[in-house]
Structures are given as C-alpha cells and as structure tokens.
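The residues making up each chain are set out below.
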Amino acid sequence: MADAIRNRSAVLGAVRRSLAVSGEEAERIAAVNDRLAHAPRNLVPQRGQLPDQKRVQLFREMLLSADGSFTDVARLEEVPDAVAAFLRSHNLEPRFRMGKDGYLRALPWYRMPSLTRLEGPAEPADETTLARAFGAVAETGTLAMLSGPANPVTLNFLPENHIVVVEADRIVGTYEDIWQRLRYLNGRGVMPRTVNFITGPSRTADIEQTLQLGAHGPRRLHVIIVGGR
C-alpha cells in the first residue's frame, strides 16, 4: 500500500510539474468544485436525442454493429424462455451463474426446469453468466453495469458467454443520462465501487490487425430487452 501511495504521488507530481501548477491554485480548485456541484452535461450528439422507440432501435443497431446480439421480449416473465433459447441456439450447456439480484431471482425459472442456476461471483469454469444492466446507452450500443453482490463484476468478464437483461425504459440516449440517473437514485457523491461500460463482446486486433473475439473476456454478448416490442 505504501508503495502504491508513493507511486501515485510521483505520477501526480510529474503531471503538476509539466503543467507548472501546484494543485493549490484557487481558480483551479473553484473550477473543480463547481463542476462537481453542478455536473454539467457535455455536447450531446443529435443521434442521442431521440424519442423512446427510436432510441431503443438505435441501441439494437449499435449493439449489432459491435458484434453483440439481442432478443426482444414483451414481458419480464419471458426472460427464462429467452435465456434457454439462447443457450440452445449455441449448443451450450443449460447452466449459468448469476448474482443475488432480486429482480432476476424473482423470474419464473420454474418454467424452464432444464436450466441449472448457480449464484455468486463467476468462477473460471463458468461457461455462461446472466446479469442485469443498470441501463444502456443508445448512441453506442453500450451497457452500464454496476458492481455489487447483486451483479458481481466477474459475471461480466470471466465467462465465454454473457447474457444481460435490460428494460427498454432504461435505454437512454447518452452516457450523460446514465450518470444523471445514478446521481438521482443514489444521491450526489454516492457511487458503486465500479461502473463498467460494455460495448459488445471482448475483442482485440493486436495480432496482424485481425479481429479476434473473446480475447480478454466474453466471446458472446447477448442482451434481452424487456418491453422493447
């Protein structure tokens, strides 16, 4: 811990020297405090300013362009069927792990007795995980995932297959909208330990500029959109 603090101080000190500042300038401190107090929005692209149905459609299009996939369900009760259908379509074992999210726990899993559900943080042997998104960003096809026991971060990164449930009315236009909702629900200055923004499955093109999926995380990302049709 002491080494980490020293390293952090060294890095920040180098940044201050390069900017020729001390960090104690009243004008700079006032600017930071003002930004924290008012959380101003950045410029919002036109495609992020859409009515509900067009916003959901844009999310679908951008998700597909990022090599993700989706299923629309009209009602929450249809989610177990959609999970089972995804697993069958890829010839995957009817087994998955999820967190302690009360929303997901309350689903009518009895309708799919062939499915095996495990709970807790993901383990290396898990092939598929299920999580619930806090929301989604239409302009980039991105999911906003909050850390915590309800949806452990490992669910997002360890498995080959990641299934995510998101309600259509939680698909917002921009990243700014996600932060605004978090501040509204949690109160200013209160945030989860991490907020992960996920756009499509894991990928890399480091080797000969050839795109490879699943390099650092899930090979497949499938989103179940509740109320999207």
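First, a word on what this report is: a plain description of the structure on this page.

The rules behind the values
- Residues numbered from 1 in each chain as written.
- Predicted model: local features only at pLDDT ≥ 70, side-chain atom pairs only at ≥ 80, totals over all residues.
- Heavy atoms only, no water.
- Helix = DSSP H or I, 4+ residues; strand = E, 2+ residues; numbered from the N terminus.
- Buried < 20%, exposed > 50% of the residue type's maximum accessible area, 1.4 Å probe, protein only.
- Contact = heavy atoms within 4.5 Å.
- Areas by Shrake-Rupley, 256 points an atom, 1.4 Å probe, with all protein chains shown as cover.
- Expected span 1.5 Å × (residues − 1).
- Salt bridge = Lys/Arg side-chain N within 4 Å of Asp/Glu carboxyl O.
- Pairing = 2+ DSSP bridges.
- Axes fitted to C-alpha atoms, helices over the stretch in contact; angles between N-to-C directions.
- Phe/Tyr/Trp six-rings, centres within 6.5 Å; stacked < 30°, edge-to-face > 60°.
- Lys NZ or Arg CZ within 6 Å of the ring centre and 35° of its normal.
- Patch = residues over 30% accessible without salt bridge, like charges linked within 9 Å, V, L, I, M, F, W, Y side chains within 5 Å.

A few points about the overall build of the protein chain
Here is step 1: If you tally the helices and strands in the protein chain, you get seven helices and twelve strands.
Here is step 2: Across the 229 residues of the protein chain, 41% fall into the buried class.
Here is step 3: Partitioning the contacts of the protein chain with sequence separation of at least 6, the portion at a separation of at least 24 is 70%.
Here is step 4: Per element, the accessible surface of the protein chain, about 13,100 Å² overall, is 54% carbon and sulfur.

A word on helix 7 (residues 175–186)
Here is step 1: Its twelve residues give helix 7 an end-to-end C-alpha distance of 17 Å, which sits within 8% of 16 Å, the value for a rise of 1.5 Å per residue.
Here is step 2: Taken as a whole, helix 7 has its buried residues at Glu176, Asp177, Ile178 and Leu182.
Here is step 3: Just downstream of helix 7 lies Gly187, where phi reads positive at about 95°.

Let's talk about helix 4 (residues 79–89)
Here is step 1: Of all the residues in helix 4, the buried ones are Val79, Pro80, Ala82, Val83, Ala84, Phe86 and Leu87.
Here is step 2: Contacts from the buried residues of helix 4 go to strand 1 (69–73), strand 2 (95–98), strand 4 (128–132), strand 7 (161–167) and strand 12 (220–226).

As for the pattern of salt bridges
Here is step 1: Overall, the coordinates contain ten salt bridges when judged by the stated rule.
Here is step 2: Between Arg219 and Glu160 there is a salt bridge; the shortest N-O distance is 3.0 Å. Placement of Arg219 in the loop between strand 11 (212–213) and strand 12 and of Glu160 in the loop between helix 6 (154–157) and strand 7 is noted, with a sequence separation of 59 residues between them.
Here is step 3: A relative accessible area of 37% means that Glu160 is categorised as partly exposed.
Here is step 4: Each of the salt bridges in this network shares a partner with another, and the network as a whole consists of Asp101, Arg132, Glu167 and Arg170.

Section: the sheet that holds strand 5 (residues 135–137)
Here is step 1: If you walk across this open sheet you meet the four strands as 8-5-6-9, and the pairing is mixed. The open sheet terminates on both sides in strands that have one partner only, identified here as strand 8 (171–172) and strand 9 (195–198).
Here is step 2: Contacts between helix 7 and the sheet are confined to strand 5, strand 6 (142–146), strand 8 and strand 9, with strand 9 contributing the most and set at about 155° to the helix.

Some points on the environment of Pro124
Here is step 1: By the secondary structure assignment, Pro124 is in the loop between strand 3 (116–119) and strand 4.
Here is step 2: Owing to a relative accessible area of 75%, Pro124 belongs among the exposed residues under this scheme.
Here is step 3: Considered as a pair, Pro124 and Thr154 are 30 residues apart in the sequence and their alpha carbons are 9.5 Å apart.

Side note on the packing of aromatic side chains
Here is step 1: This model, assessed by the stated rule, comprises three aromatic pairs.
Here is step 2: Ring geometry for Phe96 versus Trp109: centroids 5.2 Å apart, planes at 45°, classification tilted. Of this pair, Phe96 sits in strand 2 while Trp109 sits in the loop between helix 5 (102–105) and strand 3, and the two are 13 residues apart along the sequence. Trp109 shares its class with Phe96; the two are buried.
Here is step 3: On the basis of an interplanar angle of 70° and a centroid distance of 5.6 Å, the ring pair of Trp179 and Phe197 is categorised as edge-to-face. With a gap of 18 residues between them, Trp179 in helix 7 and Phe197 in strand 9 connect regions that are remote in the sequence.
Here is step 4: Among the residues examined, Phe197 registers a relative accessible area of 28% and is labelled partly exposed.
Here is step 5: An aromatic cluster of three or more residues is present, and its members are Tyr175, Trp179 and Phe197.
Here is step 6: The ring of Tyr103 has Arg132 lying over it, and the distance from NZ or CZ to the ring centre is 3.7 Å.

Side note on a nonpolar patch on the surface
Here is step 1: Where nonpolar side chains cluster on the molecular surface, the patch consists of Val11, Val15 and Leu19 and spans about 260 Å² of accessible area.
Here is step 2: Looking at the secondary structure, you find Val11 in helix 1 (residues 2–19).
Here is step 3: Residue classification places Val11 among the exposed positions, given a relative accessible area of 52%.

Thoughts on the pairing of strand 7
Here is step 1: Of all seven residues that make up strand 7, seven are buried, and the element is covered over most of its length.
Here is step 2: Neither face of strand 7 is exposed, since Asn161, Ile163, Val165 and Glu167 on one face and His162, Val164 and Val166 on the opposite face are all buried.
Here is step 3: Strand direction decides the pairing type here: strand 4 and strand 7, joined by five bridges, are parallel. Bridge pairing links Arg132 to Val165 in strand 7.
Here is step 4: Sheet topology note: the strand 7/strand 12 ladder contains seven bridges and is parallel. Residue pairing in the sheet places Asn161 in a bridge with Arg220 of strand 12.

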